[in-house]
Amino acid sequence: MYNSIQLADDIFWLGVNDRKTHLFENLWPLDNGVSYNSYIIVDEKIALIDTVEKSKIDEYLNRIHDIIGERKIDYLIINHMEPDHSGGISEILKENPDIKIVGNKMTFVLLRGLYNINTNHFLITDGDTINLGKHQLKFIITPWLHWPETMMTYEETEEVLFTGDAFGSFGTLNGGVFDDELNMDFYIDEMRRYYSNIVAKYSKMVIKALDKLKGIKLKYIASTHGPVWRSQIDWVLKLYQDWATYKAEKGVVIVYGSMYGNTEQMADIIARRLSVRGIRDIKIYDASRKHLSYILSEIWHYRGILIGSSAYNGGIFPPVENITRKLEDIEIKDRLLGTFGSSGWNKAGVKGLNKWAQSMDWELVANSPETRGAPEKNSIAMCIELADAMADRLNEMYPDK
Ligand code: FEO
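Note that the coordinates shown come from a computational prediction; the quantities given were computed from them, not determined experimentally. (Residues numbered from 1 in each chain as written. Predicted model: local features only at pLDDT ≥ 70, side-chain atom pairs only at ≥ 80, totals over all residues. Heavy atoms only, no water.)

Draft legend 1. Broad picture of the overall build of the protein. Along its length, the protein carries twelve helices and 24 strands. Here the C-alpha atoms of the protein give a radius of gyration of 24 Å, agreeing with the 21 Å that 2.2 N^0.38 yields for 401 residues. When the backbone C-alpha atoms are referred to their principal axes, the protein occupies close to 80 × 45 × 40 Å. Evaluated residue by residue, the protein yields a buried proportion of 57% over its 401 residues. Within the protein, contacts between residues at least 6 apart in sequence are counted, and of these 72% link residues at least 24 apart. By element, 48% of the accessible surface of the protein is carried by carbon and sulfur atoms, the whole surface being about 17100 Å². Each charge class in the protein was averaged separately, 46 positive and 56 negative side chains, and the resulting centres sit 5 Å apart. (Helix = DSSP H or I, 4+ residues; strand = E, 2+ residues; numbered from the N terminus. Rg over C-alpha atoms; globule rule 2.2 N^0.38 Å. Buried < 20%, exposed > 50% of the residue type's maximum accessible area, 1.4 Å probe, protein only. Contact = heavy atoms within 4.5 Å. Areas by Shrake-Rupley, 256 points an atom, 1.4 Å probe, with all protein chains shown as cover. Lys, Arg positive; Asp, Glu negative; His and termini not counted. Charge placed at Lys NZ, Arg CZ, Asp CG, Glu CD.)

Listed below in structure tokens is the structure:
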């Protein structure tokens, strides 16, 4: 018998924790696991909101039966079709052959494509409602958070917004489920990592969705990953608005790729000077060691970005190049940039970085220090100049911090 966890009258959290999967989407590290959150509303009619990843189906079905016994589910609301949430649909359909699967046009394109399910479709459009008895559900179409079919479901009686991936976080829920039950420092980091890795590319659509939510009364924000928000609703809405508009804190992320330590030495020289100039948040990452997932999150966090690369086969050092490509892909804006590196016998590393920088339209704060081998007098002086220029701009932008 599981403890059922109640959000509000007749509304239950049905999340499961995944501590086994190493990579989310076979790409992003799950060092702290992840939760897949589903919800159920038990009224005259029963509505299930999303399902879970299929490896967790037995636990999930047991949890549902603990709450509803032998009753059948009337509606399965699909806010998002990615398999971490749709993995249970086939089993739910098997147990509830008369269920109405609720989604929009695009939901059913994906439902057919992923699971060959052509029956039980219940098509809704933006603003449609379903009455369950005491509770009423309203559907808000919010495409591209994070796939084209994504939507949100608003439960009007208790003012619960089921948001799909939006407001979600990596990290399992280790006992606590609600924001006021948890140490949020951990989840904010994991939430920013989730945002920058999964949602960030669609930041313009996040803004549209947030605009659409204006004026809606919210007591709960119930995402498909991580904490359920109930005590800091305005704060988390503002956090998402800030991330989607590329707001950042005072600080510098230094990312480098270094084959034999020369570019790394430059990173340390720059970092020391930044510190002397009063920059307190300085993060240094070796692109060969630290997964891109965490570096993206830090770049979303801080305004100043310094990228260093040794030359490699006539180009940028590959792990650094990978980061630059991803930054281009997610179209992050409004950062201060500096580049640096070591050249060996050609200047392809820094040259490649500066070519990439033109495509980003970030503010280049200074010329790029470059050394052939270990940093010498001239390149050390240029590293100091780069650090000074970055510190000057940050101190201008954040005079009180
Ligand atoms: Fe949690 Fe886009 O899936």
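Draft legend 2. Seen up close, the sheet that holds strand 1 (residues 5-8). With respect to topology, seven strands assemble into an open sheet ordered 1-2-7-8-9-10-11, the strand pairing being mixed. Both edges of this open sheet fall to strand 1 and strand 11 (121-123), since each of them pairs with a single strand only. Each adjacent strand pair in this sheet contributes to an overall mean axis angle of 30 degrees, direction not counted. Strand contacts of helix 1 (residues 57-68): strand 2 (11-13), strand 7 (39-42) and strand 8 (46-49), with the helix running at about 20 degrees to strand 7, the strand carrying the most contacts. (Pairing = 2+ DSSP bridges. Axes fitted to C-alpha atoms, helices over the stretch in contact; angles between N-to-C directions.)

Draft legend 3. The pairing of strand 16 (residues 220-223), seen in detail. Of the two faces of strand 16, the one lined by Y220 and A222 and the one lined by I221 and S223 are each fully buried. Bridge count for strand 15 (residues 160-164) against strand 16 is four bridges, and the pairing is parallel. Across the sheet, F162 pairs through a bridge with A222, a residue of strand 16. Alignment of strand 16 against strand 17 (residues 228-229), held across two bridges, turns out to be antiparallel.

Draft legend 4. Layout of the environment of N79. Among the secondary structure elements, N79 is positioned in the loop between strand 9 (75-77) and helix 2 (83-86). Sequence-wise, N79 and T51 are 28 residues apart; in three dimensions their C-alpha atoms are separated by 9.7 Å. Among residues more than four places away in sequence, those in contact with N79 are I49, D50, E149, T150, M151, M152, T153, F162 and G164.

Draft legend 5. Spotlight on the pairing of strand 7. Both faces of strand 7 are covered, namely the face carrying Y39 and I41 and the face carrying I40 and V42. Judged from the three bridges that link them, strand 2 and strand 7 form a sheet pairing that is antiparallel. Bridge pairing in strand 7 links W13 to Y39. Note that strand 7 and strand 8 share four bridges and pair antiparallel. Pairing of I41 across the sheet is with A47, part of strand 8. Where strand 7 folds back onto strand 8 in an antiparallel hairpin, the turn is made up of three residues.

Draft legend 6. Layout of the sheet that holds strand 12 (residues 129-131). Taken in spatial order, the six strands make up an open sheet running 12-13-14-15-16-17, and their pairing is mixed. This sheet does not close on itself; its edge strands, each paired only once, are strand 12 and strand 17. Relative to strand 14 (residues 151-155), strand 13 (residues 136-141) runs antiparallel, the two being bridged by five bridges. The partner of F139 across the bridge, within strand 14, is T153. Of the strands in this sheet, strand 16 and strand 17 touch helix 7 (residues 233-244), which is tilted by about 50 degrees from strand 16.

Draft legend 7. Main features of the pattern of salt bridges. On inspection of all chains with the given rule, the structure shows 20 salt bridges. The closest approach of N and O atoms between K56 and E59, which form a salt bridge, is 3.9 Å. In this structure, R393 engages E363 in a salt bridge whose closest nitrogen and oxygen atoms are separated by 2.6 Å. Pair noted here: R393 is in helix 12 (residues 377-397) and E363 is in strand 23 (residues 363-364), with a separation of 30 residues, a long-range link. Shared partners join several salt bridges into a network, and the residues in it are R273, R277, D388 and D392. (Salt bridge = Lys/Arg side-chain N within 4 Å of Asp/Glu carboxyl O.)

Draft legend 8. Representation of unusual backbone geometry in the model. Look at the link from L145 to H146: it is a cis peptide, with omega at 25 degrees. Structurally, the position occupied by H146 is in the loop between strand 13 and strand 14. Backbone geometry places E25, a non-glycine residue, at a positive phi of 55 degrees. Examined against the element boundaries, E25 turns out to sit in the loop between strand 4 (23-24) and strand 5 (28-29). For N116, which is not glycine, the phi torsion reads 55 degrees and is therefore positive. Tracing the backbone through its elements, the reader meets N116 in the loop between helix 4 (105-115) and strand 11.

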